[in-house]
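Each chain, letter by letter, is given below.
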Amino acid sequence: MLARSERDRPGGQGAGRPACRRPMESLLILGAAALCLSCPALGSGDHHHRSEAFTAWTTRADIFMEYVQPVARKEARFTIHLTELKEFRPIAKGTVTIRLVKGGSPPVEGKVDRCTRAGIFHPTVTPPEPGDYRAEVLVTGQELVESFPVGTIRVLAAGESPPPAPEESPGGDLVPFLKEQQWTIPFRTVVAAQRELNDAVHVLGEIKAKPGCRVEVTSPAEGRVMSTPPTLGHRVHAGDTLAEIAPFLAPEVDRPQVEQEVKQAQAELTLAAATLLRTQGLVEKGAMPEKELSAARTQHAIAGAKLQSASQRREAFVGTQQHTSGGAGADRHFRVRAPIGGLVTRIEFTNDQQVTRDRFLMELTDLRRVWIELRVFEPDLPLVRQSIGAVFTLPGFEKSFDLGQLSGKVVHVGPCLEPASRTAPIVYEVTNPEERFPIGGFVEAEILTRRSGRYLSVPIEALMEDGNRNVLFVHVSGEAFERRYVVTGVRDRGYVAILEGLKPGERVVTTGAYEILLSTKSAAIPQHGHAH
């Protein structure tokens, strides 16, 4: 005899739930109620017989069948729901046959070649005599060709009372969610299986330009711009002319001053570098506070920028002077050249504009390789220092990126903690695929710390939060889902290890799990909650 239908189980589809509080939840419940009122309840007229249900999955489809226990020489009606699993859509076309076989007698069949509603078929069959029949459902058509062995169905004699239902041990928290609801929303289920997962530390971070790959271009002299600027997003190569500037004063007047500025900037940078090195050593020994190191780094950066600006001006005077005409006393124009190759990411000048010396003109950014700087909390630093890789997830990208796929490497693991957040940086240099990673973009990362082994796991999107607990919804039968509170472990490349609360081979909801969670917080769905 088949197991009792989930509609008859404690906590099944007739179980009560709290009142509806949200508009979206109300829509789900009102829709189910409307379906309930559209036709008589399953098996009307045979209320003294027990309702049964059967659910099975294959690699391509699932079947959910409901029926009232058949009586010999009376027509038995079966309600069969068919779902194609790849897109999780109802199967609307095909022939569905219910076949009953008793001992060596010829099979008794009933078939329909069209659905009552998309996904729902109603074959009927009249068993000739009471007894145990081996049942099978056959589906043939363009959408699906499949056989579903149902098992044994008990056919009663006329006037015979059905045997008492078997006692059931207290089950889990069953949540009803009708096939009609599953078919109208994005919905997916997967089978829990063992997978090789790595232990990982979950951290957040930011995409930054690689040092030397983001440059601010300034004017080498006071003058007037004599050229049209490149367009925003235009790609330039190192040495390309970005602008021409006609200075207000003769270059010879300023040249000695420029040479002096270069020498002074070089001296300041040398001093700043020595100070930074000395300060870093003292901080690491605990002889100087962390803020002194930050100040030394700032001074070193300022000195470097000053030297870069002075060097650009000297290059403009020494290497790029030219006459616009061959006559004596002709104006001298200074070519502003691209110090690096990359994209023009900012422009702040126009043709015929007067500019001052050292005025910002544009920004160039080389996006071919970028830095990903992650912030690691203090307790995780020892694990991160022994990492074997990382996986990065960025908003707007469907797939995560493995460090190896990006030809990445660890550039730096910070030795000092930031006092306010108690975090230290770990910096990766990676290839920027098609230059789509934006500077300043947000990054989630899993830093793989060590090989952990095989775990029972499911996709992370299957995991919901109910209060302060992690919950999965297990698809136990066609329209019944069991709420399981689980203990989780390692998370790696889109999967999470389930340490307690789930068994291998159980089917869990991924897409659509949130809608099921919402339904648990709304009003009760009627016991016979859909039309057939």
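Scroll up for the structure.
Participant: Explanation requested: the overall build of the protein chain in the structure shown.
Facilitator: Along the backbone of the protein chain there are six helices and 34 strands. A buried classification covers 45% of the 532 residues belonging to the protein chain. For the protein chain, the share of sequence-separated contacts (at least 6 apart) that also reach a separation of at least 24 residues comes to 74%. Counting every atom, the protein chain has about 26400 Å² of accessible surface; 52% of that belongs to carbon and sulfur.

Participant: Sorry, what's going on with the packing of aromatic side chains here?
Facilitator: How two aromatic rings sit relative to each other is set out by the distance from centre to centre and by the angle between their planes. This model, assessed by the stated rule, comprises nine aromatic pairs. Measuring from ring centre to ring centre gives 4.8 Å for Phe 88 and Phe 187, while their planes differ by 55 degrees; the resulting arrangement is tilted. Of the two residues, Phe 88 is situated in the loop between strand E3 (76-84) and strand E4 (89-90) and Phe 187 in the loop between helix H2 (179-183) and strand E12 (189-191); the sequence distance between them amounts to 99 residues. The class for Phe 88 is buried, based on a relative accessible area of 4%. Taking the relative accessible area as the measure of exposure, Phe 187 reaches 0% and is therefore buried.

Participant: It is not clear to me how the sheet that holds strand E20 (residues 342-347) should be interpreted in this structure. Could you clarify?
Facilitator: The pairing of strands in a sheet happens through backbone hydrogen bonds and is either parallel or antiparallel. Here four strands make up an open sheet; going across it, the order is E14-E22-E20-E16 and the pairing antiparallel. Because the sheet does not close on itself, it has two edges, and the strands there are strand E14 (214-218) and strand E16 (235-236). Relative to strand E22 (residues 360-365), E20 runs antiparallel, the two sharing four bridges. Counted as the bridge partner of Leu 343 is Thr 365 from E22.

Participant: Could you clarify how one ought to interpret the pairing of E20 in this entry?
Facilitator: If a strand is regular, its side chains alternate between the two faces of the sheet. The pairing of E16 with E20 spans two bridges and is classified as antiparallel. Looking at E20, one finds that Val 236 is bridged to Gly 342.

Participant: I'm lost on the nonpolar core in this one. Help?
Facilitator: As a rule of thumb, soluble globular proteins bury nonpolar side chains together. Grouped together as the largest cluster of nonpolar side chains are 28 residues, with contacts concentrated most on Met 65, Phe 78, Leu 82 and Val 137. Within the residue set of this core, elements represented by two or more residues are strand E1 (51-57), strand E2 (61-68), E3, strand E5 (95-101), strand E6 (108-112), strand E9 (131-140) and strand E10 (146-155). Beyond its immediate chain neighbours, meaning those up to four positions away, Leu 82 contacts Asp 62, Ile 63, Arg 89, Pro 90, Ile 91, Val 96, Gly 119, Phe 121, Val 139, Phe 148 and Trp 183. Counting residues in each nonpolar core, the second largest holds 24 residues, with Ile 207, Leu 374, Leu 394 and Leu 403 among its members.

The rules we used
Residues numbered from 1 in each chain as written. Predicted model: local features only at pLDDT ≥ 70, side-chain atom pairs only at ≥ 80, totals over all residues. Heavy atoms only, no water. Helix = DSSP H or I, 4+ residues; strand = E, 2+ residues; numbered from the N terminus. Buried < 20%, exposed > 50% of the residue type's maximum accessible area, 1.4 Å probe, protein only. Contact = heavy atoms within 4.5 Å. Areas by Shrake-Rupley, 256 points an atom, 1.4 Å probe, with all protein chains shown as cover. Phe/Tyr/Trp six-rings, centres within 6.5 Å; stacked < 30°, edge-to-face > 60°. Pairing = 2+ DSSP bridges. Core = buried A, V, L, I, M, F, W, Y, C linked by side-chain atoms within 4.5 Å.

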